[in-house]
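# Observations on the model geometry
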Amino acid sequence: MKLLEYEAKAILTSFDIPIPRSSIITNLDNPIEVPTVLKSQVPVGGRGKAGGVRLVEKSEEVSTAAREILSLAIKGHTPKVLLAEEPLSIRHEYYLSLIINKSAGIIELMAHKDGGVEIEEQSDFKRWPIDEKNAANVAAELADYYDLTDVENLSILLTNLYRCFTESDATLLEINPLILTVDSKLIAGDCKMTLDDAARFRHSEWDFEDAPANANFVTLDPKGSVATIANGAGLAMATVDAVADACFTPANFLDVGGGANEASVLAAFEKIMEYPNVSAIVINIFAGITRCDEVAKAIISAKNQIHDLPKLYIRLAGTNYEAADDLLTRAGIPLLPSLADCLVAIQENSR
Ligand code: GDP
Ligand code: MN
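Residues numbered from 1 in each chain as written. Chains lettered and ligands numbered in written order. Predicted model: local features only at pLDDT ≥ 70, side-chain atom pairs only at ≥ 80, totals over all residues. Heavy atoms only, no water.

### What to know about the side chain of Thr181
Operational definition: Going along the chain from the N terminus, every DSSP run of H or I of four or more residues is numbered as a helix, and every run of E of two or more is numbered as a strand. When accessible area is computed with a 1.4 Å probe and restricted to protein chains, residues below 20% of their type maximum are described as buried, those above 50% as exposed, and intermediate ones as partly exposed.
Relative to the assigned elements, Thr181 resides in strand β8 (residues 170-181). What makes Thr181 buried here is its relative accessible area of 4%.

### What about the packing of aromatic side chains?
We count it as follows: The aromatic pairing rule takes the rings of Phe, Tyr and Trp, using the six-membered ring of Trp, and pairs them if the centres are within 6.5 Å, calling planes under 30 degrees apart stacked, those over 60 edge-to-face and the rest tilted. Our definition puts a charge over a ring when NZ of Lys or CZ of Arg is within 6 Å of the ring centre and also within 35 degrees of the ring normal.
Counting across every chain of the model gives 5 aromatic pairs. Measuring from ring centre to ring centre gives 5.2 Å for Tyr95 and Phe125, while their planes differ by 75°; the resulting arrangement is edge-to-face. Of this pair, Tyr95 sits in strand β5 (residues 90-101) while Phe125 sits in the loop between β6 (106-112) and β7 (126-129), and the two are 30 residues apart along the sequence. Residue Phe125 is classed as partly exposed on the basis of its relative accessible area, which comes to 25%. Put simply, the rings of Tyr94, Trp128, Tyr145 and Tyr146 pair up and form one aromatic cluster. Here the basic side chain of Lys311 rests over the ring of Tyr313, its NZ or CZ set 5.7 Å away from the ring centre.

### A look at the site of ligand 1
Formally: Residues are labelled near a given molecule or strand when at least one of their non-hydrogen atoms is within 4 Å of it. Pairs of N or O atoms are called polar contacts if they sit within 3.5 Å, as long as, within protein, a hydrogen donor faces a hydrogen acceptor (for residues adjacent in sequence, only side-chain-to-side-chain pairs). Accessible surface area values rest on a Shrake-Rupley calculation with a 1.4 Å probe, where residue burial reflects the displayed protein chains alone.
Taken together, 20 residues sit near ligand 1, with Lys39, Arg47, Gly48, Leu88 and Glu93 positioned nearest. Between ligand 1 and the protein, one listed contact pairs an oxygen atom with a side-chain N or O atom of Glu93 at 2.4 Å. Residue Gly189 places a main-chain N or O atom 3.0 Å away from a nitrogen atom belonging to ligand 1. Relative to its free-state accessible area of 560 Å², ligand 1 is covered by the protein chains to the extent of 85%.

### Let's talk about the coordination of the manganese ion (ligand 2)
Each pair of donors in an ideal four-coordinate tetrahedral metal site encloses 109.5 degrees, whereas pairs in an ideal six-coordinate octahedral site enclose 90 or 180 degrees. The criterion, for reference: Coordination here is defined by N, O and S atoms within 2.8 Å of the metal (3.2 Å for Na, K and Ca), and since water is not considered, a site can look incomplete.
Protein coordination at the manganese ion (ligand 2) comes from Asn176 (O) and Asp190 (OD), with a distance range of 2.2 to 2.3 Å. Here Asp190 lies in the loop between β9 (186-188) and β10 (192-195) and Asn176 lies in strand β8, a separation of 14 residues in the sequence. Like Asp190, Asn176 is buried.

### Observations concerning the pattern of salt bridges
For the record, the criterion: Here, a salt bridge means any side-chain nitrogen of Lys or Arg that lies within 4 Å of a carboxyl oxygen of Asp or Glu.
The full count for this structure, using the stated rule, is 18 salt bridges. Where Glu68 meets Arg54, a salt bridge forms, and the shortest distance between an N and an O atom there is 2.8 Å. Linking Glu68 in helix α3 (residues 59-70) with Arg54 in strand β3 (residues 53-56), this pair joins segments that are 14 residues apart in sequence. We classify Arg54 as partly exposed; its relative accessible area is 32%. Asp293 is the salt-bridge partner of Arg291, the closest N and O atoms lying 2.9 Å from each other. A relative accessible area of 8% means that Asp293 is categorised as buried. Overlapping salt bridges bring together Glu5, Lys9, Lys39, Arg47, Glu85, Asp190 and Lys192 as one network.

What follows is the structure, given as structure tokens:
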């Protein structure tokens with residue numbers, strides 16, 4: 001699960017990692033203090049280049065700027081909230097992240113001397129294995145590489161970052177830029193954080209904006225032509241395999257889960273709408289705890305609300321099937337008896 005910047009920064013603060021002073025803007029009727037850096041809260045990078053990060057100095061310009069950023073779509077995402085941060089006097093911007101090196105089974109620190117919005121252009125990243133014991137040694141080497149003299153401060157930062165990463169069950173923690181201010185403080189200017197969904201049972205505090213829609217949604221091919229919605233990881237994987245066996249490119253894997261309801265299924269449709277090439281959506285639900293009528297209601301809402309919804313191929317079975325059949329029939333949405341029938345129908349329609 002990918003967090004928004006403000007959500008990730010709230011976690012950083014709880015591990016004593018410095019962030020700029022800030023407030024969250026949801027309601028434009030409240031005054032916003034200037035000067036401020038307004039930042040679009042969307043779950044993608046490159047906001048700076050896309051116009052989603054703006055320094056505003058004049059109070060008469062702030063509400064217009066906020067309105068513009070709130071309506072600006074970045075890579076298909078429009079923010080629900082803005083972050084208004086105190087502007088920093090920047091001396092330098094570094095790149096710093098913690099990642100999991102799966103083949104080595106370790107956590108690594110990745111760093112670059114020159115961070116900021118041009119980071120994609122860089123290739124010569126430094127990497128160090130990091131754990132709770134060697135943070136001080138890594139800090140010494142990092143200080144040398146960054147050309148910083150305050151090793152102690154960097155050591156505290158790395159120790160806190162490591163704790164933050166492991167105790168939060170993160171799979172990625174990226175600070176870009178790590179800002180060195182003119183008064184020599186190190187502050188996390190931006191933060192991208194991904195949490196391990198499988199660790200959810202350990203974190204009753206996890207309650208994030210994007211969580212329900214994205215929980216078990218995996219992009220397989222953003223150019224794929226067939227999207228899938230299924231429940232249960234096994235059935236979801238079998239659905240993806242069946243789509244591939246029928247010679248279509250599956251765009252995604254989605255297990256809507258046992259507790260799938262109208263809202264979560266509707267959110268799944270919205271996510272699928274981000275793929276430009278999807279011309280068919282296969283819905284394969286074997287309802288136990290999930291109720292077919294809830295899924296049917298979501299399908300009907302999606303039909304009514306989403307303009308340009310790709311063609312649906314639906315197979316439902318299990319709890320409250322009759323009620324679902326009734327709702328869908330009245331809405332003029334056909335059901336198919338099996339997944340195989342769905343795939344045959346897609347093949348016929350794509351001829
Ligand atoms: P991203 O483009 O989505 O990664 O968004 P960032 O949060 O990294 O912001 C992009 C850039 O905004 C940074 O690299 C900074 O150069 C710039 N920026 C300018 N002033 C400020 C400031 O006061 N605070 C922060 N956080 N960034 C600033
Ligand atoms: Mn950034």
